[in-house]
Amino acid sequence: QASWNNFRIRGGNVYLPLKKKDLSKDLLLDIKSIIQECLSKKGYVLIQEVYDRYRYNADFAKRFNEAGYHDLSDFRSLLIKLEPNLTGHTRILFHKDSTFDMFDVFIKEMGPKEWYQRKDFLDTGEKIGLALVTSNMYFNNFLKDKRIFPLNEDFFFIDQKIQVPEKVLETVDFFIND
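Residues numbered from 1 in each chain as written. Predicted model: local features only at pLDDT ≥ 70, side-chain atom pairs only at ≥ 80, totals over all residues. Heavy atoms only, no water.

1. Here we look at the overall build of the chain
Keep this limit in mind: Secondary structure elements are taken from DSSP: a helix is a run of H or I of four residues or more, a strand is a run of E of two residues or more, and numbering for both begins at the N terminus. Burial classification: accessible surface area is computed with a 1.4 Å probe over protein chains only, and a residue below 20% of its type maximum counts as buried, one above 50% as exposed, and the rest as partly exposed. Surface exposure here means Shrake-Rupley accessible area, sampled with a 1.4 Å probe, where a residue is shielded only by the protein chains that are shown.
A tally of helices and strands in the chain yields 8 helices and 7 strands. In the chain, which comprises 178 residues, the share counted as buried stands at 33%. Taken as a whole, the chain presents about 11800 Å² of accessible surface, with 53% of it coming from carbon and sulfur.

Structure below.
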């Protein structure tokens, strides 16, 4: 008898648990080490990134397919089974105690910049496996939540990046006080 945790819902349809064969211990240990590597380097796991390491290898792809892991959703279930302390989005997993959120993921994946464009966020969303509409929703939420600020309609900055030189502050102070 299956537990409720094994059922999946996609597009309003309920899927019964797959009868998955066991994967080799070596393969499972390899996957666990990649999970740990991602967590230590980035603080999160991009499911697509880990999945792609295996699905383009004919031997691994065959082993996953034979074991009943056919897509990214199945692979995500495997990752959570291997590391029960992971939680998160359908495309990104965090340690349950992590302070990372989607904003942190976008910024880390884009790298530090003085200015960002909407396209940077949309391209990064695609890179991490998000639909365009989802990436756009995150971008708009980042604006609404004041995580990013518009310089104009094309360029945006993160408040921590703005550094006003002391001389400019003195000049502004002079004009305000006179």
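From this point, things continue past the structure.
2. Considerations on helix H7 (residues 132–144)
Note the following rule: Working rule for helices: expected span equals 1.5 Å times residues minus one. What makes two residues a contact is simply this: any of their non-hydrogen atoms within 4.5 Å.
The end-to-end C-alpha distance of H7 is 18 Å, a good match for the 18 Å that 13 residues give at a rise of 1.5 Å each. Packing partners of the buried residues in H7 comprise helix H5 (102–110), helix H6 (118–127) and strand E7 (156–157). Lys-146, located one to two residues past H7, shows a positive phi value of around 60°.

3. Details of the packing of helix H1 (residues 25–41) against helix H2 (residues 47–55)
Threshold: Under this scheme, a helix contributes an axis fitted over its contacting stretch, all axes are lines through C-alpha atoms, and angles between N-to-C directions fall in the 0 to 180 degree range. A crossing counts as left-handed when the near helix is turned anticlockwise from the far one by less than a right angle, and as right-handed when that turn is clockwise. Any residue outside Ala, Val, Leu, Ile, Met, Phe, Trp, Tyr, Cys, Pro, Asp, Glu, Lys and Arg is labelled polar, Gly included; the first ten of those are nonpolar and the last four are charged.
Two numbers describe how H1 lies on H2: the axes approach to 11 Å, and their chain directions differ by 145°. Crossing angle aside, the handedness with which H1 passes H2 is right-handed. For the pair H1 and H2, contact is made by Leu-27, Asp-30, Ile-31, Ile-34, Glu-37 and Cys-38 and by Glu-49, Val-50, Arg-53 and Tyr-54, respectively. Broken down by class, the residue content of the contact of H1 with H2 amounts to 6 nonpolar, no polar and 4 charged.

4. Focus: the nonpolar core
Note the threshold: The set of buried Ala, Val, Leu, Ile, Met, Phe, Trp, Tyr and Cys residues whose side-chain atoms join them within 4.5 Å is what this entry labels a nonpolar core.
Formed by 23 residues in total, the largest nonpolar core has its most connected members in Ile-31, Tyr-54, Phe-64, Phe-75 and Leu-79. Elements represented by at least two residues in this core include exactly H1, H2, helix H3 (58–67) and helix H4 (72–82). In terms of residue count, the dominant contributor to this core is H1 (6 residues). Every residue in contact with Ile-31, bar those within four places of it in the chain, is listed here: Tyr-54, Phe-64, Phe-75, Leu-78, Leu-79 and Leu-82.

5. Focus: the sheet that holds strand E4 (residues 86–88)
To keep it simple, the criterion reads: A pair of strands counts as paired when DSSP detects no fewer than two bridges linking them.
One open sheet holds the 3 strands; their spatial order is E3-E5-E4, and the pairing between them is antiparallel. At either end of the open sheet lies a strand with only one pairing partner, and these are strand E3 (45–46) and E4. Summarising the sheet, E3 and strand E5 (residues 92–95) pair through 2 bridges and their orientation is antiparallel. Following the sheet pairing, Val-45 is matched in E5 by Leu-93.

6. Describing a nonpolar patch on the surface
As a reminder of what qualifies: Like charges within 9 Å and nonpolar side chains (Val, Leu, Ile, Met, Phe, Trp, Tyr) within 5 Å are joined into patches, using only residues over 30% in relative accessible area that form no salt bridge. We count a salt bridge whenever a side-chain nitrogen from Lys or Arg sits within 4 Å of a carboxyl oxygen from Asp or Glu.
Taken together, Trp-115, Leu-151 and Phe-155 make up a surface patch of nonpolar side chains, about 260 Å² in accessible area. Relative to the helices and strands, Phe-155 resides in the loop between strand E6 (149–150) and E7. A residue is classified by how much of its surface remains accessible, and Phe-155, at 33% relative accessible area, is partly exposed.

7. What to know about the packing of H1 against H4
Operational definition: The scheme is simple: roughly parallel for angles under 35 degrees, roughly antiparallel for over 145, roughly perpendicular for 65 to 115, oblique for anything else.
The N-to-C vectors of H1 and H4 enclose an angle of 85°; their axes lie 10 Å apart at closest approach. The angle between H1 and H4 falls in the class roughly perpendicular. Facing H1, whose interface residues are Leu-28, Ile-31, Lys-32 and Ile-35, H4 presents Phe-75, Leu-78, Leu-79 and Leu-82. Looking at the contact of H1 with H4 residue by residue, the classes come out as 7 nonpolar, no polar and 1 charged.

8. Digging into the environment of Val-133
Turning to its location among the elements, Val-133 is positioned in helix H7. Relative accessible area serves as the criterion here: at 63%, Val-133 is assigned to the exposed category.

9. Some details on unusual backbone geometry
Of note in this structure, Lys-146 is not a glycine but carries a positive phi near 60°. Within the secondary structure, Lys-146 sits in the loop between H7 and E6.

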